[in-house]
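Here's the letter readout for the chains.
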Amino acid sequence: FVVKPNNIHTDGVGNNYILFNGYILGIEEHGMGGYYTGTSKLHLYNTSGTELYSANLESNENAIIPAFDSTTIVIGGSSGKLRVYSASNLSLQASKTFSYTNITPILCDLNADDTKEIVISTDTSVYILDASLITIASYQFSNTSLNLKSIMVADVTGDGKRDIIVVLETKL
C-alpha cells in the first residue's frame, strides 16, 4: 500500500491507512459487508511498511473512527467503546463503553491549557472527556424534537479557546 502525506488510503475491503507523525496508522475493520470476520485491529507501521505494533479492537466492529495527534490515538466506532492508545507503541491507556453507538471522537485542546480533551456526542448530548475518559463536562439538549447531527471544534469567538459547534436537525 502507498500512503501519501495528509491522505487516507483505503484498500477497498475495509482497511484504512493514515500517515501521521512519521508513521502509518492502519485500521483493519471487520464485519464490513462480509470481507472479514473476527476481531478488528489497529496497526502501527513505519513508513517502509514494517509493522511495529498492533492492538485488537472489538470483534466485528465497523465504522472505526480515529482521532490522533503526536502522542495519542483515540478510537471510537460502532461498538460504543471509546479507547485511548499511546501513539508511540499502541499501548491501551484508557477504555470506556457507552450505552450508545457510533462514537466519533474529536481530540483537541479546548481551553488553551496545552492538554488535549476528547469531545464526543450522542443524538441528544455532547461530552467533554479527559485522556482517562473521565467526563469533564456534558450538555444534554432539553428539546427532544432536535437531533444532533454533527459537532465541530473551532475558535469562532476569537478568544484563543476552541468552541464546540453543534449542528442540529428537527426530528420528524
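Quantities reported herein were computed from a predicted structural model and do not represent experimental measurements.

Student: Explain the overall build of the protein chain to me, please; I cannot follow it from the model alone.
Tutor: Each helix and strand in the protein chain was counted, giving zero helices and 15 strands. Counting the 172 residues in the protein chain, one finds 38% classified as buried. Here the analysis covers contacts within the protein chain between residues at least 6 apart in sequence; of these, 30% occur between residues at least 24 apart. When the accessible area of the protein chain is evaluated, it comes to approximately 9,100 Å², of which 48% is carbon and sulfur surface.

Student: Explain the pairing of strand 9 (residues 92–97) here, please?
Tutor: Each regular strand shows side chains that alternate between the opposite faces of the sheet. Pairing geometry for strand 8 (residues 81–86) and strand 9, over five bridges, is antiparallel. Paired with arginine 83 across the bridge in strand 9 is serine 95.

Student: Can you help me understand the nonpolar core in this one?
Tutor: In a soluble, globular protein the nonpolar side chains are often hidden away together inside. Ranked by internal contacts, the top residues of the largest apolar core, which has 13 residues, are Val74, Leu82, Phe98, Ile118, Ile120, Leu129 and Leu133. Those elements that provide at least two residues to this core are strand 8 and strand 11 (117–121). Discounting residues that sit within four places of it in the chain, leucine 129 has contacts with Leu82, Phe98, Glu117, Ile118, Ile120, Ile134, Thr135 and Ile136. In terms of nonpolar packing, the next biggest core, distinct from the first, is built from eleven residues, Ile27, Ala55, Leu57 and Tyr85 among them.

Student: Just checking my understanding: could you explain the side chain of serine 125 for this structure?
Tutor: In this fold, serine 125 is placed in strand 12 (residues 125–129). By relative accessible area, serine 125 is classed as buried at 2%. Other than its neighbours up to four places away in sequence, serine 125 contacts Ile120, Tyr139, Gln140, Phe141 and Leu148.

Student: I keep staring at the pairing of strand 8 and nothing clicks. Help me out?
Tutor: By the criterion of burial, strand 8 is predominantly enclosed, with five of the six residues buried. Taken together, the four bridges between strand 7 (residues 72–76) and strand 8 define a ladder with antiparallel strand orientation. Looking at the pairing, threonine 72 lines up with serine 86 of strand 8. Counted along the chain from strand 7 to the antiparallel partner strand 8, the turn is four residues long, and its residue glycine 80 has a positive phi close to 85°. From the end of strand 8 to the start of strand 9, which pair antiparallel, there are five residues, and leucine 90 there has a positive phi angle of about 60°.

Student: How should the packing of aromatic side chains be read in this particular structure?
Tutor: To describe a pair of aromatic rings, you give the distance between the ring centres and the angle between the ring planes. Tallied over the entire structure, the rule returns one aromatic pair. Plain terms: the ring middles of tyrosine 139 and phenylalanine 141 are 5.0 Å apart, the flat faces sit at 80° to each other, and that makes the pair edge-to-face. The exposure class of phenylalanine 141 is buried, given its relative accessible area of 15%.

Student: Explain the side chain of aspartate 163 here, please?
Tutor: Among the structural elements, aspartate 163 can be located in strand 15 (residues 163–170). In terms of polar contacts, aspartate 163 uses its side chain to reach the backbone amide nitrogen of valine 156, at 2.9 Å. Among the polar contacts made by the side chain of aspartate 163, one reaches the main-chain amide nitrogen of threonine 157 at a distance of 3.3 Å. In this structure, aspartate 163 is in contact with Met152, Val153, Ala154, Asp155, Val156 and Thr157, ignoring residues within four places of it in sequence.

Student: I keep staring at the confidence of the model for the protein chain and nothing clicks. Help me out?
Tutor: Close reading of the predicted structure is inappropriate where its pLDDT is low. With 74% of its residues at a pLDDT of at least 70, the protein chain reaches an overall mean of 76. Here strand 1 (residues 8–10) stands out as the element of the protein chain with the lowest mean pLDDT, 56, in contrast to strand 13 (residues 135–140), whose mean of 92 is the highest. In the predicted structure, residues 1–7 sits below a pLDDT of 50 and forms 15 contacts with residues beyond four places in sequence or in another chain. Confidence drops under pLDDT 50 across residues 32–36; counting only partners more than four residues distant or on other chains, this segment forms nine contacts.

Student: Any chance you could explain the sheet that holds strand 13 here in plain terms?
Tutor: Neighbouring strands of a sheet are bound in pairs by backbone hydrogen bonds; such pairs are parallel or else antiparallel. One open sheet holds the four strands; their spatial order is 10-11-12-13, and the pairing between them is antiparallel. Only two strands of the sheet have a single partner each, and these edge strands are strand 10 (106–108) and strand 13. Taken over all neighbouring pairs, the strand axes of this sheet differ in orientation by 20° on average, direction set aside. Two strands pair when backbone bridges link them, and strand 12 and strand 13 are joined in this way by five bridges, in the antiparallel orientation. Within strand 13, the residue paired with serine 125 across the bridge is glutamine 140.

Rules used in this analysis
Residues numbered from 1 in each chain as written. Predicted model: local features only at pLDDT ≥ 70, side-chain atom pairs only at ≥ 80, totals over all residues. Heavy atoms only, no water. Helix = DSSP H or I, 4+ residues; strand = E, 2+ residues; numbered from the N terminus. Buried < 20%, exposed > 50% of the residue type's maximum accessible area, 1.4 Å probe, protein only. Contact = heavy atoms within 4.5 Å. Areas by Shrake-Rupley, 256 points an atom, 1.4 Å probe, with all protein chains shown as cover. Pairing = 2+ DSSP bridges. Core = buried A, V, L, I, M, F, W, Y, C linked by side-chain atoms within 4.5 Å. Phe/Tyr/Trp six-rings, centres within 6.5 Å; stacked < 30°, edge-to-face > 60°. Polar contact = N/O pair within 3.5 Å; in protein donor to acceptor, adjacent residues only side chain to side chain. pLDDT = per-residue confidence, 0-100. Axes fitted to C-alpha atoms, helices over the stretch in contact; angles between N-to-C directions.

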